[in-house]
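Next come the chains, spelled out residue by residue.
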Amino acid sequence: MTGSAIATITLTASQVERVLAAFAAPAIDQQKVRWGMVIDLKKFNELPLAKRKRVYDVCKEIHNIPIFPTAKDRVEWIWPADFEHTFPSQFNHFLPEEIENLEVPVLCNHCENPPCTKVCPTGATWKRDDGIVTMDYHRCIGCRYCMAACPYGMRSFNWRDPRPFIPKLNPTYHTRTKGVVEKCTFCVERLEKGLQPACVEASEGSFIFGDLNNLESEISKILREHYSIRRKPELGTEPKLYYLI
Amino acid sequence: MSKTPLVAVLLIFIGFFFFPYFYSVASGQLGKPVPELEKPKGDHCIEDAKWMEENHMVLLKEWRDHVIRQGIRTYISDTYGTAYNISTYTCFECHTSKANFCDKCHDYTGVKPNCWDCHVYPELLEKYR
Ligand code: SF4
Ligand code: SF4
């Protein structure tokens, strides 16, 4: 009895090793890149309303994000906010009206020093080597520590079963379940295929995405040439989402 | 001193302990044969079929960790050398029904995996069409 049990255990262990060896190399070497995003607010605000809305909607569609009828249940990865609430520390009196009235798309900043990951008791959220702060829903126990820790309020909680509220299911992506936290992942599933994040693609050039480690990338050049701001920089979270005003 | 209470307690304990057995006997489920599963499409499974039968959960767990933690999206079959896209939906390309394949065996063995609370399966997709 014990003998056979031990035999089963060792067999499974060697089987796991066999399986482990069978993976291909990752599409992108995560150690080498550091993803970041620039949002050109002037350019974005010049887009017609329908196109601006498309930027938010495309994310909902491809990521199976539920649309709840009640605001308190809301789950969102990217949404429009105003200048005052996005940049409380940059908000002065007598700002030019066109700046005060800007529509500012907000999403997870993929902080270089993310407070949300440090509080997670299960390792369900962490910063990958390429700088993306991501989620492993399998591990999330729904304690919402990360939501309390994020100084930007960029995380949503599934208070209810989201499935009945997904208008159209994208079969190539998963849904979430009641009791887990979710947020923007910089479209890791698209990056792996060599595509840009979906919002960037829909933004008609007002969002720029790329590798901050590569000094020749478009994003690095834009950041070198323009004055950019980040959300609550005084907190030391080092967001990798930059805004041009 | 009377031994009646002790015997009664013992009988109650035995009753509870063997309840699943009695229940199966009473409902005629004991000795039910292993269910017939739907024949999948395609020539072969990701690995040897027997290996898959015993270890598909190990494979799926390894797949999960590699995709989420390392961004590795391709698995190369050890048995057949074929490359597979790592996704739960890859399975459904051949096993076209969860109800006629996964569920049958899981129900028989009394396992309740919670994969499908989040991952998409053909029947769910049908519901959204
Ligand atoms: S914006 Fe919030 S959720 Fe995103 S990495 Fe920073 S602290 Fe975490
Ligand atoms: S809610 Fe989930 S991801 Fe957030 S801290 Fe708790 S376990 Fe981690």
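Computed from a predicted model, the values in this text were never measured in an experiment. (Residues numbered from 1 in each chain as written. Chains lettered and ligands numbered in written order. Predicted model: local features only at pLDDT ≥ 70, side-chain atom pairs only at ≥ 80, totals over all residues. Heavy atoms only, no water.)

### Comments concerning the environment of Gly153 of chain A
All names here are of chain A. Here Gly153 is to be found in the loop between helix 7 (145-149) and strand 6 (156-157). Accessibility expressed as a relative area gives 41% for Gly153, which makes it partly exposed. Between the alpha carbons of Gly153 and Lys168 there is a distance of 26 Å; along the sequence they are 15 residues apart. (Helix = DSSP H or I, 4+ residues; strand = E, 2+ residues; numbered from the N terminus. Buried < 20%, exposed > 50% of the residue type's maximum accessible area, 1.4 Å probe, protein only.)

### Side note on the interface of chain A and chain B
Facing the 32 residues of chain A at the interface are 32 residues of chain B. For the pair chain A and chain B, the summed buried surface comes to about 2,900 Å²; carbon and sulfur atoms form 58% of the total. For the chain A face of the interface with chain B, the top three residues by lost area are Arg18, Phe23 and Arg163 of chain A, together amounting to 24%. Measuring nitrogen to oxygen at the nearest pair gives 3.1 Å for the salt bridge that ties Asp136 of chain A to Arg69 of chain B. One can count ten residue pairs in polar contact (both at pLDDT 80 or more) joining chain A with chain B. If one sorts the elements of the side of chain A that touches chain B by residue count, helix 1 (residues 2-20) of chain A sits on top with six residues. (Contact = heavy atoms within 4.5 Å. Buried area = accessible area lost by both parts, 1.4 Å probe. Salt bridge = Lys/Arg side-chain N within 4 Å of Asp/Glu carboxyl O. Polar contact = N/O pair within 3.5 Å; in protein donor to acceptor, adjacent residues only side chain to side chain.)

### Remarks on the domain arrangement of chain B
Under the domain assignment, chain B is made up of domain 1 (1-32) and domain 2 (35-128). For domain 1 of chain B versus domain 2 of chain B, the distance between C-alpha centres works out to 39 Å. (Domains from an automatic or database assignment.)

### What about the pairing of strand 1 (residues 35-40) of chain A?
All names here are of chain A. Burial analysis of strand 1 places six of its six residues in the buried class, which makes it a mostly covered element. Sheet topology note: the strand 1/strand 8 (residues 207-211) ladder contains five bridges and is antiparallel. Counted as the bridge partner of Gly36 is Gly210 from strand 8. In this sheet, strand 10 (residues 241-244) lies alongside strand 1 in parallel orientation, the contact comprising four bridges. (Pairing = 2+ DSSP bridges.)

### Some remarks on the site of ligand 1
Cys108, Asn109, Cys111, Cys116 and Cys150 of chain A are the nearest of the 13 residues found near ligand 1. The class makeup of the residues in the shell around ligand 1 is nine nonpolar, two polar and two charged. (Near = heavy atom within 4 Å. Nonpolar A, V, L, I, M, F, W, Y, C, P; charged D, E, K, R; others polar.)

### Describing the sheet that holds strand 10 of chain A
All names here are of chain A. One open sheet accounts for four strands, arranged 8-1-10-9; its pairing is mixed. If you trace the sheet from one side to the other, it starts and ends with strand 8 and strand 9 (228-229), each paired once. Along the sheet, helix 10 (residues 218-225) contacts strand 1, strand 8, strand 9 and strand 10; its crossing angle with strand 8, the most-contacted strand, is approximately 115°. (Axes fitted to C-alpha atoms, helices over the stretch in contact; angles between N-to-C directions.)

### Considerations on the packing of aromatic side chains
One pass over the full model with this rule turns up 18 aromatic pairs over all chains. Seen from their ring centres, Trp35 of chain A and Phe209 of chain A are 5.2 Å apart, and the 20° between their planes marks the pair as stacked. With Trp35 of chain A in strand 1 and Phe209 of chain A in strand 8, this residue pair connects regions lying 174 residues apart in the sequence. The same class applies to Trp35 of chain A as to Phe209 of chain A, namely buried. Residues Tyr21 of chain B and Phe22 of chain B carry aromatic rings whose centres are separated by 6.0 Å and whose planes lie at 65° to one another, so their mutual orientation is edge-to-face. Overall, Phe22 of chain B belongs to the partly exposed group, its relative accessible area being 45%. (Phe/Tyr/Trp six-rings, centres within 6.5 Å; stacked < 30°, edge-to-face > 60°.)

### Description of the packing of helix 1 (residues 4-17) of chain B against helix 2 (residues 19-26) of chain B
All names here are of chain B. Two numbers describe how helix 1 lies on helix 2: the axes approach to 4 Å, and their chain directions differ by 60°. With respect to helix 2, the axis of helix 1 lies oblique. Here helix 1 contributes Gly15, Phe16 and Phe17 to the contact with helix 2, which in turn contributes Phe19, Pro20 and Phe22. Across the contact of helix 1 with helix 2, the residue classes tally to five nonpolar, one polar and no charged. (Parallel < 35°, antiparallel > 145°, perpendicular 65-115°, else oblique.)

### A closer look at unusual backbone geometry
Residues and elements named next belong to chain A. Here the phi dihedral of Phe186 falls at roughly 55°; this positive angle occurs in a residue that is not glycine. For Phe186, a relative accessible area of 2% puts it in the buried group. Non-glycine residue Glu204 carries a positive phi angle of around 55°. Within the fold, Glu204 resides in the loop between helix 9 (198-202) and strand 8. By relative accessible area, Glu204 is classed as partly exposed at 48%.

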